[in-house]
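# Structural overview for review
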Amino acid sequence: MHTRRIAVIGAGIAGLTAAIDLARRGFAVTVLEQAGAPGGKMREVEVAGQRLDAGPTVFTLRDVFEQLYSDAGTSLSAHLKLLPVSVLARHAWDQSEHLDLHANLAESADAIGRFAGSGEAKGFLAFAARAERIYRTLNTSFMRAAKPNPIELSRRIGISNITDLFNIQPFAKMYESISRYFADPRLRQLFARYATYCGSSPYESPATLMLIAHVEQAGVWTIDGGMHRLAQSLAELARSLGADLRYGTIVTRVDLDRGRVGAIETASGERLAIDAVVCNADNNALALGLFGASVRSSVRETAPAARSLSAVTWNLVARTEGFPLAHHSVFFGDDYRSEFDDVFRRRRLPGRPTVYVCAQDRGDTIAAPREAERLLCLVNAPAIGDTHQFTTAEIQQCEMKAFERLERCGLRVLRQAGASCVTSPTDFNRLFPGTGGALYGPASHGWRSSFTRPGSRSRIPGLYLAGGSTHPGPGVPMAALSGRLAAACLAADYASIA
Ligand SMILES: Cc1cc2nc3c(=O)[nH]c(=O)nc-3n(C[C@H](O)[C@H](O)[C@H](O)COP(=O)(O)OP(=O)(O)OC[C@H]3O[C@@H](n4cnc5c(N)ncnc54)[C@H](O)[C@@H]3O)c2cc1C
């Protein structure tokens with residue numbers, strides 16, 4: 001029997017984890033990536049001669065990666081140095097209202113008690129316990145397993161654990177559920193923000209997403225050298241196991257042979273005969289026909305209105321003053337509902353944005369830099385990058401509002417000409433075709449949303465799906481799990497026909 005040839009389209013996190021698992025199982029793997037480097041959204045940009053992370057910054061669920069490296073015969077710690085953060089994030093509403101969440105639950109409860117009173121601290125502990133319960137219920141039954149339908153999920157959770165099933169609260173809205181634990185509107189806003197980790201609105205998401213708070217509470221790490229080092233390390237591991245990684249290679253077609261995947265074609269006209277494909281591009285690229293007509297029906301198209309958040313980001317090298325930035329800091333807008341209405345209903349940049357700032361050079365044990373430092377600032381935005389060309393004036397107005405918000409909280413960013421790199425939804429749509437700039441696949445709105453994401457097997461034999469738009473969903477660890485699930489399905493299918 002010949003060695004099975006597998007093409008992986010895209011070297012995002014899921015493409016890389018699929019490539020690692022397939023290569024170590026003896027498949028002949030070729031990864032084709034249109035960008036010049038691995039990582040997809042976990043990319044780097046160069047500003048003022050320095051390399052800056054321009055994608056994910058919050059690294060959680062390290063056990064997902066420990067397992068991946070261990071299954072490949074090595075260890076995560078042999079490849080990367082991870083440092084735990086003790087301040088999960090610093091939150092600000094104005095010059096004086098600041099609140100840190102800590103890795104230590106009791107410290108967070110104390111901080112919340114001082115900030116908003118003992119009742120709110122009690123509410124926090126009850127909320128954290130609920131978030132943990134939801135996480136524990138769904139961890140192995142949903143996140144780390146093949147996509148279930150609702151009946152299958154109930155079966156996996158088990159009829160004897162019916163209260164757990166009830167407790168995941170798929171039918172309640174996240175913001176309403178959070179409001180039962182917190183009376184203080186600032187705390188409601190803070191914990192509701194976790195919905196944005198899935199690119200969604202807390203006013204439309206199921207309360208199930210409260211589990212994200214537990215994921216963060218269970219540990220956040222920084223990666224020595226930056227997040228992009230993780231992507232590089234995964235690419236090195238895939239290569240060491242025999243995978244062929246080709247950058248600057250755009251896949252333009254997936255062709256079928258007697259009803260199953262038979263070949264792919266690249267923009268340069270090269271044609272590769274293959275036995276199967278793992279597609280790490282957003283599923284909508286398949287549905288829109290960006291890989292040709294024959295695989296268009298492999299997944300359902302995501303309606304533009306159902307897309308998740310996009311963003312406007314500013315990577316800067318700048319000095320800051322007036323506010324003690326942590327590695328992760330959040331500067332809240334003063335009308336959270338209008339922010340999500342702007343983005344999801346009015347489909348425009350938010351008039352009163354919340355701004356997230358990652359100060360990449362800062363950590364628990366690192367003194368605040370005195371000179372210019374590396375920053376990533378992010379504002380939520382609508383995923384309309386395919387139909388709306390964002391003008392310089394629009395982006396400048398958004399920038400003005402974002403930096404005004406920072407100043408209202410005391411943070412002055414002393415920007416310098418030529419020391420910034422802006423990425424808009426139009427840019428994200430170009431980087432991630434078929435998305436409109438949506439960074440997390442379809443939004444997780446309504447109880448059905450988790451069940452309507454496709455699973456690893458598409459409708460076409462030999463075409464497997466992996467990435468943030470596939471089960472179990474977006475975020476670095478989820479995308480990694482999705483790549484692993486795709487590889488496991490593919491290997492199981494070939495084992496059964498061998
Ligand atoms: C600004 C930002 C901040 C974020 N913050 C966090 C965070 O703090 N924590 C977290 O966990 N997650 C965060 N996320 C989300 C997280 O980065 C993603 O969910 C995850 O990285 C997605 O991985 P993926 O496997 O879906 O692949 P993607 O990153 O989507 O990569 C897909 C790859 O496919 C390639 N591709 C597409 N079409 C083709 C083609 N035709 N030919 C060849 N290659 C192709 C693309 O170039 C890309 O490299 C953030 C994302 C962004 C953008």
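Structure first, text after, so check above.
These notes cover the structure that comes with them. Everything numeric here is computed off the predicted structure, so don't read it as measured data. (Residues numbered from 1 in each chain as written. Predicted model: local features only at pLDDT ≥ 70, side-chain atom pairs only at ≥ 80, totals over all residues. Heavy atoms only, no water.)

### Focus on the overall build of the chain
Definition in use: Numbering of helices and strands starts at the N terminus; helices are DSSP runs of H or I of at least 4 residues and strands are runs of E of at least 2. Using C-alpha atoms as the atom set, the radius of gyration is obtained and then compared with a globule rule of 2.2 Å times the number of residues to the power 0.38. Each residue's exposure class comes from its accessible area (1.4 Å probe, protein chains only) as a fraction of the maximum for that residue type: buried when under 20%, exposed when over 50%, partly exposed otherwise. Between two residues, a contact is recorded if the distance between any of their heavy atoms is within 4.5 Å. To measure how exposed things are, a 1.4 Å probe is used in the Shrake-Rupley method; for residues, cover is taken only from the protein chains shown. In summary, the charge assignment counts Lys and Arg as positive and Asp and Glu as negative, without counting His or the chain termini. Charge positions come from single atoms, namely NZ of Lys, CZ of Arg, CG of Asp or CD of Glu.
Within the chain one finds 17 helices and 20 strands. Relative to the compact-globule value of 23 Å for 498 residues, the chain shows a C-alpha radius of gyration of 22 Å, a close match. Here the chain holds 498 residues, and 58% of them are scored as buried. Of all intrachain contacts in the chain linking residues separated by at least 6 positions in sequence, the fraction that spans at least 24 positions is 70%. For the chain, the exposed surface amounts to about 19800 Å²; the carbon and sulfur share of it is 50%. Taken as two groups, the 55 positive and 48 negative side-chain charges of the chain have centres that lie 5 Å from each other.

### Here we look at the site of the ligand
Note the threshold: For each residue, the test is whether any non-hydrogen atom lies within 4 Å of the molecule or strand; if one does, the residue is near. Nitrogen and oxygen atoms within 3.5 Å of one another constitute a polar contact, given that in protein one can donate a hydrogen and the other can accept it, and given that sequence-neighbouring residues count only through two side-chain atoms. All residues other than Ala, Val, Leu, Ile, Met, Phe, Trp, Tyr, Cys, Pro, Asp, Glu, Lys and Arg, Gly among them, are scored as polar; the first ten of these are nonpolar and the last four charged.
Neighbouring the ligand are 34 residues; Glu33, Lys41, Gly468, Gly475 and Val476 lie closest to it. Residue Ile13 places a main-chain N or O atom 3.5 Å away from an oxygen atom belonging to the ligand. With the chains in place, 93% of the 1000 Å² that the ligand exposes on its own is no longer accessible. When residues of the shell around the ligand are traced back to their parent elements, those giving at least two are α1 (13-24) and α17 (476-497). For the shell around the ligand, the element with the most residues is α17, which contributes 3 residues. The residue makeup of the shell around the ligand, split by class, is 20 nonpolar, 12 polar and 2 charged.

### Brief notes about the pattern of salt bridges
Keep this limit in mind: Every case where a carboxyl oxygen of Asp or Glu lies within 4 Å of a side-chain nitrogen of Lys or Arg is listed as a salt bridge.
Under the criterion given, the structure shown has 37 salt bridges. For Arg186, the salt bridge is made with Asp184, and the minimal N-O distance between the two is 2.6 Å. Each of the two residues, Arg186 as well as Asp184, counts as buried. Two residues, Asp334 and Arg405, come together in a salt bridge whose shortest N-O distance is 3.9 Å. Taken together, the positions of Asp334 in the loop between β15 (328-331) and α13 (336-345) and Arg405 in helix α14 (residues 392-408) put the pair 71 residues apart, joining distant regions of the chain. Asp334 gets classed as partly exposed once you look at its relative accessible area, which sits at 46%. Residue classification places Arg405 among the buried positions, given a relative accessible area of 6%. Through salt bridges with shared partners, one network takes in Asp21, Arg24, Asp71 and Arg484.

### Concerning helix α4 (residues 105-116)
Quick note on the threshold: Here, expected helix span is obtained from the residue count minus one, scaled by 1.5 Å.
Between the first and last C-alpha of α4 there are 16 Å, a value that for 12 residues agrees with the 16 Å anticipated at 1.5 Å per step. Buried positions along α4 lie against β7 (98-102), α5 (118-143) and α9 (185-192).

### Focus: the layout of surface pockets
Note the threshold: With a 1 Å grid laid over protein atoms only, a set of points is called a cavity when a 1.4 Å probe fits there but cannot get out and a pocket when it is open yet has protein on both sides within 12 Å along at least five of seven lines; lining residues have an atom within 4 Å of a point. Grid points are joined across faces, edges and corners, and a volume is the space filled by probe spheres set on the points.
Its boundaries defined by the atoms lining it, the second largest pocket holds a volume of some 450 Å³. What lines the second largest pocket is a set of 26 residues, among which Arg300, Thr302, Thr452, Arg453 and Pro454 lie closest to the centre. Secondary-structure elements contributing two or more residues to the lining of the second largest pocket are α12 (283-287) and α16 (449-452). If you tally residues by element for the lining of the second largest pocket, the top one is α16, at 3 residues. Here the lining of the second largest pocket is built from residues that sort into 9 nonpolar, 10 polar and 7 charged.

### Side note on the environment of Asp342
Note on placement: Asp342 falls in helix α13. Under the relative-accessibility criterion, Asp342 is labelled buried at 4%. Separated by 51 residues in the primary sequence, Asp342 and Ala393 have C-alpha atoms spaced 18 Å apart.

### Focus: the sheet that holds strand β11 (residues 260-266)
The condition that has to hold: Here the rule is simple: two strands pair whenever DSSP picks up at least two bridges between them. The axes are straight lines fitted to the C-alpha atoms, using for helices just the contacting stretch, and the angles between their N-to-C directions are given from 0 to 180°.
The strand order across the open sheet built from 3 strands is β10-β11-β12, with neighbouring strands paired in antiparallel fashion. Edge positions in the sheet fall to β10 (251-257) and β12 (271-273), since each of these pairs with one other strand and no more. Averaged over all pairs of adjacent strands, the angle between strand axes in this sheet comes to 25 degrees, irrespective of strand direction. Note: β10 against β11, 6 bridges, orientation antiparallel. Its bridge partner being in β11, Arg253 is matched across the sheet by Glu265.

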